[in-house]
Amino acid sequence: MRLGELLIQRKLLTEEQLLKGLSRHYRSHEKLGECLILEGYISESALLQALSTQLEVPYFEMIPTDLMSKDSLALIPGALAKKWCVIAGEKDLGFIIFFNDNTTEVSEYLAQRDVSADYALARKSEIRKAIDRFFKV
């Protein structure tokens, strides 16, 4: 299901708001979700919850610090974590990458290192807070 349809189905957005968001999206080339947030139609948390459903990845309101380990934090160096706004944790004997936006660079980076990981959504502010806590960047 498309993002706009999902938000309307959840009664988080009206069709009129979606059309206005799409109009801004086409003019500015910003991502639709970002446009809807900037227009004040939805919150970042509401967007991420909908994306979690759409992308079939978990959403964490807060990043559990007990998932951060020396091995997981070594997956993505601090400078890259900050640049891409991602941080890696360890869960169930595997790695989990907390992201908010595009994972293309991260996926390519991990593939070059022959590392597989699951992904989870988190708010940018939560990811930045974790990066600041665990890296001296």
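To be clear, the structure that these remarks concern was listed above.
What comes next concerns the included structure.

Reading the values: the criteria
Residues numbered from 1 in each chain as written. Predicted model: local features only at pLDDT ≥ 70, side-chain atom pairs only at ≥ 80, totals over all residues. Heavy atoms only, no water. Helix = DSSP H or I, 4+ residues; strand = E, 2+ residues; numbered from the N terminus. Contact = heavy atoms within 4.5 Å. Areas by Shrake-Rupley, 256 points an atom, 1.4 Å probe, with all protein chains shown as cover. 1 Å grid on protein atoms, 1.4 Å probe; cavity = no way out; pocket = protein on both sides within 12 Å on 5 of 7 lines; lining within 4 Å. Points joined across faces, edges and corners; volume = space filled by probe spheres on them. Nonpolar A, V, L, I, M, F, W, Y, C, P; charged D, E, K, R; others polar. Pairing = 2+ DSSP bridges. Axes fitted to C-alpha atoms, helices over the stretch in contact; angles between N-to-C directions. Salt bridge = Lys/Arg side-chain N within 4 Å of Asp/Glu carboxyl O.

**Overview of the overall build of the protein**
Line of reasoning, step 1. For the protein, the helix and strand inventory stands at eight helices and four strands.
Line of reasoning, step 2. In terms of its C-alpha atoms, the protein occupies a principal-axis envelope of roughly 50 × 30 × 25 Å.
Line of reasoning, step 3. By sequence separation, contacts in the protein at least 24 residues apart represent 52% of the contacts at least 6 residues apart.
Line of reasoning, step 4. Element-wise, carbon and sulfur atoms account for 51% of the exposed surface of the protein, whose accessible area totals about 8200 Å².

**Remarks on the layout of surface pockets**
Line of reasoning, step 1. There is about 530 Å³ of room inside the largest pocket.
Line of reasoning, step 2. The set of elements that each furnish at least two residues to the lining of the largest pocket consists of helix H1 (3-9), helix H2 (15-28), helix H3 (32-38) and helix H4 (44-55).
Line of reasoning, step 3. If one sorts the elements of the lining of the largest pocket by residue count, H4 sits on top with six residues.
Line of reasoning, step 4. Residue composition of the lining of the largest pocket, grouped by class: 12 nonpolar, six polar and seven charged.

**A closer look at the sheet that holds strand S3 (residues 94-99)**
Line of reasoning, step 1. Strands sit in the order S1-S4-S3-S2 across an open sheet of four strands; the sheet is mixed. Each having just a single partner strand, strand S1 (59-60) and strand S2 (87-91) make up the two edges of the open sheet.
Line of reasoning, step 2. Pairing of S3 with strand S4 (residues 118-122), which is carried by four bridges, proceeds in the parallel orientation. Counted as the bridge partner of Ile 97 is Tyr 119 from S4.
Line of reasoning, step 3. Its contacts with the sheet place helix H8 (residues 124-134) against S2, S3 and S4, and it is angled at close to 85 degrees to S2.

**Things to note about the pattern of salt bridges**
Line of reasoning, step 1. Throughout the structure, instances matching the rule amount to seven salt bridges.
Line of reasoning, step 2. As a salt-bridge pair, Arg 24 and Glu 30 come within 3.0 Å of each other at their nearest N and O atoms.
Line of reasoning, step 3. With a closest N to O distance of 3.0 Å, Asp 101 and Lys 31 form a salt bridge. Of this pair, Asp 101 sits in the loop between S3 and helix H7 (104-112) while Lys 31 sits in the loop between H2 and H3; the two residues are 70 residues apart in sequence, bridging distant segments of the chain.

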